[in-house]
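Report on the structure
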Amino acid sequence: MIRHPERLLAGWLVLLLLAAPLPFGGVTPWAAALLRGFSLVALILAALALDRPAVLRPAAPAAALAGMALLGLLQCAPLPAGLAAALSPEHVQLRDQAAGLAGSPIPARLTLTATATAAAALAWAAAAAAFVAAAVAGRRRELRRWLGGAVLAGALFQVFFGARDWFARATTLWGVDLGASATRLRGTFVNPNHLSVYLEMALPLAFAWGWWAARRSAEKGRLERRLLLVIPPFMLWLTLFAGLSFTSSRAGLLAALAGVTVQGLLIARNQGRWWAAPLGALVALAGVVLAAWLGLRQGGLGRLLTTSVWDVSLGSRMREYAAALELWGRFPVTGIGLGAFRDAFPLVQPADVWGALWHPHSDLLEVLVTAGLAGAVILAAGLWALLRRLFAVLRDGGRSEDRAAALAALGVLASVGLHAGLDFGLTMPANSLTLAVLLGGVTAARVRSGSAQLDGAREDPPAVPSADLEDVDARPQRRLRAQGRGVAGERRPDRKSAQGSAVEP
């Protein structure tokens, strides 16, 4: 019998988060297979740590990820010709052409490449498993700190490891020749743009940590104690932003600025102080000033400022998007099949868009093309459920640390969501796994009784583990109330009996 299953689960997830980006972002076949297998192990550990199924209700968004996996299995399964024709006539027509050339019957499927679709379905299932496992571990804020700390530590490693290769103008990564010198920061990723997605998930964590530290510093009387709380997250954010700037990713820079701006707006909205709305924009401006001071003429800032509507890469990207939409128009309901974009895109590929494209330069567009309207509806439902839960935690989280976690998750969604519309960074297994763990862990944060929740149920205060209340100290609040003041920016419930709402530190 495992004595501390939740700690074992969280420790496993920490190791998974730290190791996932190291083998080229997990993009190699063996690394991707390992990450999927390790995600399944995490799900098994989560089942051992689960005391009652009801705690999984906040993790309902994982059902959308599992639904995408099931859709992939349906796409690669042999179907009756009549059913396949009703769902996707174009698939049946191509099947008939292929059968005529092969001279033998071919099963009707809703994908052009069954092997690739099955592999993609496993990737979606692994993301669902990681989400659920993180939700089980994230019920305790101590373990959520482990997960967030692992992401921040991994991001710092990527920046410093990449800086070493960048200064050396290295042409290899882990002994593999990449064919060109490192003129952009790439960390352990082959493509610098994919590293920028990873850093975009760490930046909102550092910002939310800084916001929480600033609020807690108001309770510290001595200036040096306040500075010790606020300076580390602030310096961490600037370091990570500088690293992102060195990736020279235009979409990454825009996404990071959008994420921190959204976080500033959320802080102002949640506290009812709209004068604080420019906070995120001011922090973003500090990052831009830092990037300019570092002289990034060829970096993301310089590339962004020199981008125009006549840019050659931009024009090619627009033609690629138009062709991908044309491809979706031929397979509108169920798509061409998960993971089948490389095999299907030649059907509509323009002559001036050269090369074999494994993915379109938009994760959102790829979902529409490969999963059709069915997949888009599934993911939209999951996103709606996720946003409801995160906003409930941000508004009614039992502790300020819980609300900071929701602020971080919403910043991650804003940043990664924008970048996902402009590139395919989430196709990197390390990025998708990290995103699933971060979001899953935050959904498990508790909300105060009577708040709007995903499942409409009330929290059960007696079920709160005593370890979560061990550092509650009401003395600062009592002192402030004795002076006729409350904690700055804090909306605190009235103290109740032991059966009332959770007490906030």
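Residues numbered from 1 in each chain as written. Predicted model: local features only at pLDDT ≥ 70, side-chain atom pairs only at ≥ 80, totals over all residues. Heavy atoms only, no water.

Our next topic: the environment of Ser217. Mapped onto the elements of the fold, Ser217 is located in helix H8 (residues 192-217). The class for Ser217 is buried, based on a relative accessible area of 8%. Here the alpha-carbon distance between Ser217 and Val230, two residues 13 residues apart in the chain, equals 7.3 Å. Apart from residues no more than four positions distant in its own chain, Ser217 is found in contact with Arg226, Leu229 and Val230. (Helix = DSSP H or I, 4+ residues; strand = E, 2+ residues; numbered from the N terminus. Buried < 20%, exposed > 50% of the residue type's maximum accessible area, 1.4 Å probe, protein only. Contact = heavy atoms within 4.5 Å.)

Judged by nonpolar contacts, the single largest core of 85 residues is most densely connected at Leu9, Leu13 and Leu240. Per element, the largest residue contribution to this core is 13 residues, and it comes from H8. Residues in contact with Leu9, not counting those within four places in the same chain, are Ala42, Leu45, Ala46, Ala133, Val136 and Ala137. Within the second largest apolar cluster, 17 residues are counted, among which are Ala323, Ala324, Leu365 and Val369. (Core = buried A, V, L, I, M, F, W, Y, C linked by side-chain atoms within 4.5 Å.)

Looking now at the packing of aromatic side chains. Considering all chains together, one arrives at eight aromatic pairs under this definition. Centre to centre, the rings of Trp12 and Phe38 are 5.5 Å apart; their planes meet at 90°, and the pair counts as edge-to-face. Within this pair, whereas Trp12 is found in helix H1 (residues 5-19), its partner Phe38 is found in helix H2 (residues 29-49), the two being separated by 26 residues in sequence. Its relative accessible area of 32% is what places Phe38 among the partly exposed residues. Aromatic side chains Phe341 and Phe345 sit 5.0 Å apart centroid to centroid with 25° between the ring planes, which places their arrangement in the stacked category. Look at Phe341 and you get buried, because its relative accessible area is 0%. For Phe345, a relative accessible area of 1% gives the class buried. (Phe/Tyr/Trp six-rings, centres within 6.5 Å; stacked < 30°, edge-to-face > 60°.)

Inspection of the secondary structure puts Thr370 in helix H15 (residues 363-396). With a relative accessible area of 4%, Thr370 lands in the buried category. Once residues lying within four places of it in the same chain are set aside, the contact partners of Thr370 are Gln75, Thr334, Gly335, Ile336, Gly337, Leu338, Gly339 and Phe341.

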